[in-house]
Structure formats: C-alpha cells, structure tokens
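Fold and geometry: a report
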Amino acid sequence: MLEQLKKLLRLANISDKGAILLGENFAIDGPAQRLVRVVTHIHADHIIGLENSIRYSAFILATPLTHDLLKAMGYRIPPSKELRLEVGSKIKIGNEMLVFHKANHIPGSVQVEVEADEYCVGYTSDFKLPGTYIMRDLDVLVIDATYGYEEWNRPWQEEIEELLVDIVIDGLVRGPVHIFGYHGKLQEVMILLRERGLDVPFIAPKRVYDMARVLIGYGYNLDPVLLENTREANEVMKDNWYVFFEHTSRSTRVKCHNCTRILLTGWEFKEPFRKVDRNTWIVSFSDHADFRQLVEYVKEAHPKLLIVDRFRGGNAASYFAEYVRRKLGIPALALPTT
Ligand SMILES: [Zn+2]
C-alpha cells in the first residue's frame, strides 16, 4: 500500500512553492525545474513564480486567451517559449500527452490532464459546477478546494447571477453602479450583464480595461467599455448611467454619491446578498466550487488517489481530504504537508 502510494506521488505532487507537479515534464501554476510551466488561469495564486519559470522552463503553456491576458498584465514571454493550446486540445511532450479540459472559472481557465502508457493524472485548478468537465478514473487527481469546510456552501450559487443582474438594474434606475471584485471575476460579470441584454456603458481603470479589450478581441461582446479619465468616459459619466468596474483593493478608497456599490465576495455563506449601508451591497458571487460541488466532482471523478491543494486551500484542504477518505472511501491527502 505504501509502495503504491509512493509510486502515485511520483506521478503527481505539490511542491512547497505551490507548483503542481504532474508526470515528468510539467510544473503547473507554480515554479519548478520542469521542461514545461503550465498556467491554468491568470489569478495571482496560479501565476506564482512565473518570472522564474520564464527564465528556466523551456516552454510556458496556456490557452491563447490566458497568454494574451498575461501580456495585458505586463508579462513578457519570449515567443520561442510561448506554447498556446486550446481547450479540448492535446499536445505531446516526450512520452506524455497533455490535454486541456474545460473549466468553468474565469475566461481562459483550464484543467490539465497528463497521460502516458502507464498512468493518467490530472489537476482541476479552480472551477465551479456546472460547466466543468469531470476527469474520471485517474490514477491521481489534484484538486483545488478553496471552500473545503462543510459549512462553506452557497445554496444560491446557481441563482446568484440573476440576483446580481437584478441589483445592477435596480441600481441603474437611481444612478451609476460601481462593482468591485477580483480580476477575472470582474470580466465574468461584464460578460454576464451583456448576456442579459444590458447595454449600459462600462467604465474601467487601465488594468481592468486592458483585460476587457483582450476578451473583446476573442469575440466577447462587451463594448462599450471605456477607459476611465478619458474624454469619452468623462462624457458618459455626466449622464450618470454607467457601470464602473474596479478591483476589490479600491473598494474602501472609492466613494461615490448617489451610486450603488456592489462588493463581490466568495466568502459569504449566510445569504446571497445583503445591504451593508445606504448604497452598498455585498453579493455572494464566487468563481469557485462550494463544498457540495467539490464533493460532487470527487464522487464522479473517483480517482485512485486524491491530492487536495493545501498550498492554496490551507486547513480547509486538510479537512476536505479527511472528509473524502471518511465519507467517500477514496484515499486522499492534503499537500504540501509543511
Ligand atoms: Zn482562480
């Protein structure tokens, strides 16, 4: 049993720098001395040590959209190292075939599967259900369990999009709406509002704006998106009918009169939304699976061994691994242990 476990851990592991190590050739979402560094998506905890990887890995592998978003964020990857792979496509490196599977998280996100003659291992990275492909019957599945405690559930996860759109529409009746969230999540909300038919102008600061422009280049219908402090944006703001998108870090600094402020957070489990003052709402909107969805994925995937990412998930990852062992009867551990 121990021998078997050791063998599996040679195929999939997590380094103490947060790199998911799959097979022989791949370091995913963290730096390690491997031929290929894979970036599953552009969130900060998944591009750790990317500058180092650009120096010493032969290739940086990501979806075309993720590569272009990284560029918009200021990363410079030499063209000779840039490997682009579409969701659903495969690439052969040495004896291993790597596949990008669909992940419902933020634009550009993927899950990674690595298969060789003798083994098949995978990494979910961040995801939520539905809309995420389930990698079944792997030797080892590595999972990100951000919400790994049993009480970390958002039963409204499927309806929250409608609720958020309603709050935005109500807010626009009174004046401008400011939405605060993380990169990726902001763009996801832009997509959502356009899908629901809102044609209100969007205004964004440089980084958020640049990322939106990349998405527009990929056919996402987000326009009009205007860059803050430009003549055009200032004109629009005079009409008081616009949605302003800002990074969470600015939520305490930006004050606005007669506007509705919406703070997006994944850390609200009591109710889908609540009013915190006269014009501020907290909306429980997350790109991550809640506890119940994590269990659903693992049950269906049923790997021989589950590794829960403790580097990103902390104690909740340890709790989740224990839950999987106890309740689902699947061998599971949380790594790294230190
Ligand atoms: Zn993420």
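Residues numbered from 1 in each chain as written. Predicted model: local features only at pLDDT ≥ 70, side-chain atom pairs only at ≥ 80, totals over all residues. Heavy atoms only, no water.

Let's shift gears to the domain arrangement of the chain. In terms of domain boundaries, the chain breaks down into domain 1 (2-151 + 289-335) and domain 2 (160-284). Here domain 1 and domain 2 have C-alpha centroids that lie 30 Å from each other. Listed as interface residues are 16 residues of domain 1 and, on the opposing side, 15 residues of domain 2. In this assembly, domain 1 packs against domain 2 so that about 1,300 Å² is buried in total across both faces, 67% of it on carbon and sulfur atoms. The three residues of domain 1 that bury the most area against domain 2 are L65, P107 and Y147, which together make up 36% of that side's buried surface. In this structure, the connection of domain 1 to domain 2 is made through one salt bridge. K128 is paired through a salt bridge with E188; the nearest N and O atoms lie 3.1 Å apart. Applying the counting rule to domain 1 against domain 2 returns six residue pairs in polar contact (both at pLDDT 80 or more). If one sorts the elements of the side of domain 1 that touches domain 2 by residue count, helix α3 (residues 64-72) sits on top with five residues. Grouping the amino acids of the side of domain 1 that touches domain 2 by side-chain chemistry returns nine nonpolar, three polar and four charged. (Domains from an automatic or database assignment. Contact = heavy atoms within 4.5 Å. Buried area = accessible area lost by both parts, 1.4 Å probe. Salt bridge = Lys/Arg side-chain N within 4 Å of Asp/Glu carboxyl O. Polar contact = N/O pair within 3.5 Å; in protein donor to acceptor, adjacent residues only side chain to side chain. Helix = DSSP H or I, 4+ residues; strand = E, 2+ residues; numbered from the N terminus. Nonpolar A, V, L, I, M, F, W, Y, C, P; charged D, E, K, R; others polar.)

The next subject is the coordination of the zinc ion. Protein coordination at the zinc ion comes from H41 (NE2), H43 (ND1), H105 (NE2) and D126 (OD), with a distance range of 2.1 to 2.2 Å. The site at the zinc ion holds four donor atoms, and with the angles between them running 91 to 155°, its shape is irregular. (Donors = N, O, S within 2.8 Å, 3.2 Å for Na, K, Ca; no water. Tetrahedral: all angles 85-135°; square planar, octahedral: opposite > 155°, others 65-115°.)

As a further point, take the nonpolar core. Grouped together as the largest cluster of nonpolar side chains are 48 residues, with contacts concentrated most on I179 and F245. Shared between two domains, this core holds at least three residues of each, these being domain 1 (2-151 + 289-335) and domain 2 (160-284). Not counting the four nearest positions on each side in its chain, F245 is found in contact with I179, L186, V189, M190, L193, F202, I203, A204, P205 and V208. Listed in part, the 29 residues of the second largest apolar core include L8, L11, L85 and L98. (Core = buried A, V, L, I, M, F, W, Y, C linked by side-chain atoms within 4.5 Å. Buried < 20%, exposed > 50% of the residue type's maximum accessible area, 1.4 Å probe, protein only.)

Right, let's get into unusual backbone geometry. What is expected of a backbone is that most residues other than glycine have negative phi and most peptide bonds are trans. In this model, L129 is joined to P130 through a cis peptide bond whose omega is -10°. Cis geometry is found at the peptide bond from D223 to P224, where omega equals 0°. When you line up the elements, P224 lands in the loop between α6 (206-217) and β14 (225-227). Of note, S125 is a non-glycine position whose phi angle comes to about 55°, a positive value. S125 gets classed as buried once you look at its relative accessible area, which sits at 0%. In this structure, H302 is a non-glycine residue whose phi angle is positive, near 40°. The residue H302 is located in the loop between α8 (291-301) and β19 (305-309) in this model.

For the structure shown, the criterion picks out 20 salt bridges. Residue E300 pairs with R136 through a salt bridge whose shortest N-O separation is 2.5 Å. Within this pair, whereas E300 is found in helix α8, its partner R136 is found in the loop between β10 (120-123) and β11 (140-143), the two being separated by 164 residues in sequence. Taking the relative accessible area as the measure of exposure, R136 reaches 46% and is therefore partly exposed. By sharing partners, the salt bridges in this structure join D68, K71, E82 and R84 into a single network.

Now for helix α4 (residues 160-174). For α4, built from 15 residues, the straight-helix expectation of 21 Å at 1.5 Å per residue is met to within 8% by its first-to-last C-alpha distance of 22 Å. Residues of α4 that are buried sit in contact with β12 (177-181), α5 (185-195), β15 (243-247), β16 (260-265), β17 (273-277) and β18 (280-284). (Expected span 1.5 Å × (residues − 1).)

Read across the open sheet, the six strands follow the order β1-β2-β3-β4-β5-β6; overall the sheet is mixed. Both edges of this open sheet fall to β1 (12-14) and β6 (82-84), since each of them pairs with a single strand only. Taken pair by pair, the neighbouring strands of this sheet meet at an average axis angle of 25°, ignoring direction. The sheet contact formed by strand β2 (residues 20-22) and strand β3 (residues 26-28) spans three bridges and is antiparallel. Among the inter-strand pairings, I20 is bridged to a residue of β3, identified as I28. Those strands touched by helix α1 (residues 2-11) are β1 and β2, and its axis lies near 70° from that of β1. Packed on one face of the sheet, α3 meets β5 (59-62) and β6 and runs near 140° to β6. (Pairing = 2+ DSSP bridges. Axes fitted to C-alpha atoms, helices over the stretch in contact; angles between N-to-C directions.)

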